[in-house]
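Structure assessment
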Amino acid sequence: MKVLVIGGAGYIGSHVVKALLKSGHSVTVFDNLSSGLRQNLFKQNDFIHGDILNPAQLDASFASGFDAFIHLAAFKAAGESMIEPEKYSLNNISGTINILNAAIKNNCKKMVFSSSAAIFGEPQYLPIDEKHPKNPENFYGFTKLDIEHYLEWYDKLRNLKYVALRYFNAAGYDPDGEIFGLEQNPANLLPVVMETACGMRKEMSIFGNDYDTRDGTCIRDYVHVSDLADAHVKALEYISDKNESLTVNLGSETGISVTEMIETARRITGKEIPAKYVGRRLGDPACLYATSAYAREKLGWIPKYSDIDTLISSTWQAYQKN
Ligand code: UFG
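Residues numbered from 1 in each chain as written. Predicted model: local features only at pLDDT ≥ 70, side-chain atom pairs only at ≥ 80, totals over all residues. Heavy atoms only, no water.

Right, let's talk about the nonpolar core for a bit. In this structure, Leu20, Ile70, Leu165, Val193 and Leu250 are the most contacted members of the largest nonpolar core, which totals 61 residues. In terms of residues, this core owes the most to one element, helix α7 (residues 225-242), which gives 9 residues. Two domains each donate at least three residues to this core, and these are domain 1 (2-171 + 223-250) and domain 2 (189-220 + 253-321). Once residues lying within four places of it in the same chain are set aside, the contact partners of Ile70 are Val3, Leu4, Val5, Ile6, Val16, Leu20, Val112, His232 and Leu236. One finds Phe62, Phe69, Leu160 and Ala164 within the second-largest nonpolar core, a separate group that totals 23 residues. (Core = buried A, V, L, I, M, F, W, Y, C linked by side-chain atoms within 4.5 Å. Buried < 20%, exposed > 50% of the residue type's maximum accessible area, 1.4 Å probe, protein only. Helix = DSSP H or I, 4+ residues; strand = E, 2+ residues; numbered from the N terminus. Domains from an automatic or database assignment. Contact = heavy atoms within 4.5 Å.)

Turning next to the domain arrangement of the protein. Much of the literature gives interface size as the accessible area that the parts lose upon coming together. Here the protein is partitioned into domain 1 (2-171 + 223-250) and domain 2 (189-220 + 253-321). Each of domain 1 and domain 2 was reduced to a C-alpha centroid, and the two centroids are 24 Å apart. At the interface, 28 residues of domain 1 touch 23 residues of domain 2. Together, the buried faces of domain 1 and domain 2 total about 2100 Å²; carbon and sulfur atoms form 68% of this surface. Considering only the surface of domain 1 that becomes buried against domain 2, Leu126, His224 and Asp227 emerge as the three largest contributors, covering 23% of it. At the junction of domain 1 with domain 2, the criterion picks out 0 salt bridges. Only β7 (169-171), β9 (219-224), α7 and β10 (246-250) provide two or more residues apiece to the side of domain 1 that touches domain 2. The element contributing the most residues to the side of domain 1 that touches domain 2 is α7, with 7 residues. For the side of domain 1 that touches domain 2, the residue count by class is 14 nonpolar, 6 polar and 8 charged. (Buried area = accessible area lost by both parts, 1.4 Å probe. Salt bridge = Lys/Arg side-chain N within 4 Å of Asp/Glu carboxyl O. Nonpolar A, V, L, I, M, F, W, Y, C, P; charged D, E, K, R; others polar.)

Take a look at the structure:
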């Protein structure tokens, strides 16, 4: 298929592009490089330096004819979204509306969308399945949930067929070592652990050790970015075969605590990784993990790289290359 990957120069996007190319698809990346990196592009993909807030640019891009598109272009810092909601509504929501309208106008009606576990908010029960109540605790999560609703309506009214993939905690790097562009100023756990291991940070903070979990620190469902990428390829196949829309959770179904992540990183890197306990971070649920039974059933998706050792060693490999 001829696929337009919007946000394809980013952390997850670049892994998706690699998986698409490997499966024989032809790929054009559309990215404004605000957080995406030129070094994440592949020589086999075409590149449009464009912005989703520019409808004319989107229209011209879709006009060249694509069988499908993947939309990963979004701001994703939950904390920041509570301080600068305007930035998130403009880019994530208005930007998506621009994309949808340009796609429909140019008759491109197959889409894969990056949604997030952030749409669920505080868990009512575990593991989180697709039917779990949606009650985002931050504005970022709200933007993703809102877009899922747009997709339902564009399906009904314009016959858009989509797969919405709700990622749990994306982590890890390309195990082949081909993608190693690092995010700037990361706030997520594993990059922070790695920056501390490298000496880029003197010490890291563990946000809370008084949670009701096995070691007092928060538990999350980390899923390897190459496994997420594989789900995008399977999602495109699903839409082509079935011509119906689908929304699934993507997690490894394994909970890892903050302390377990740091201790395993110490073993794998051989570095000290100084860490101190500080107070809880606002809006952090104690425990969050998914069931991916539905993704398994509908997409045949089975994570291969989401064990803790591969998550950490592949990320460490990327940091060492830098
Ligand atoms: N943490 C620390 N110290 C740090 C960074 C994180 O202790 O320096 C802890 C957090 O408190 C949390 C855990 O590590 O308990 C994971 O935190 P992240 O910031 O890496 O990830 P979140 O679970 O907060 O959120 C991530 C993405 C969201 C997405 C969500 C889905 O950032 O965009 O996963 O589950 F919605």
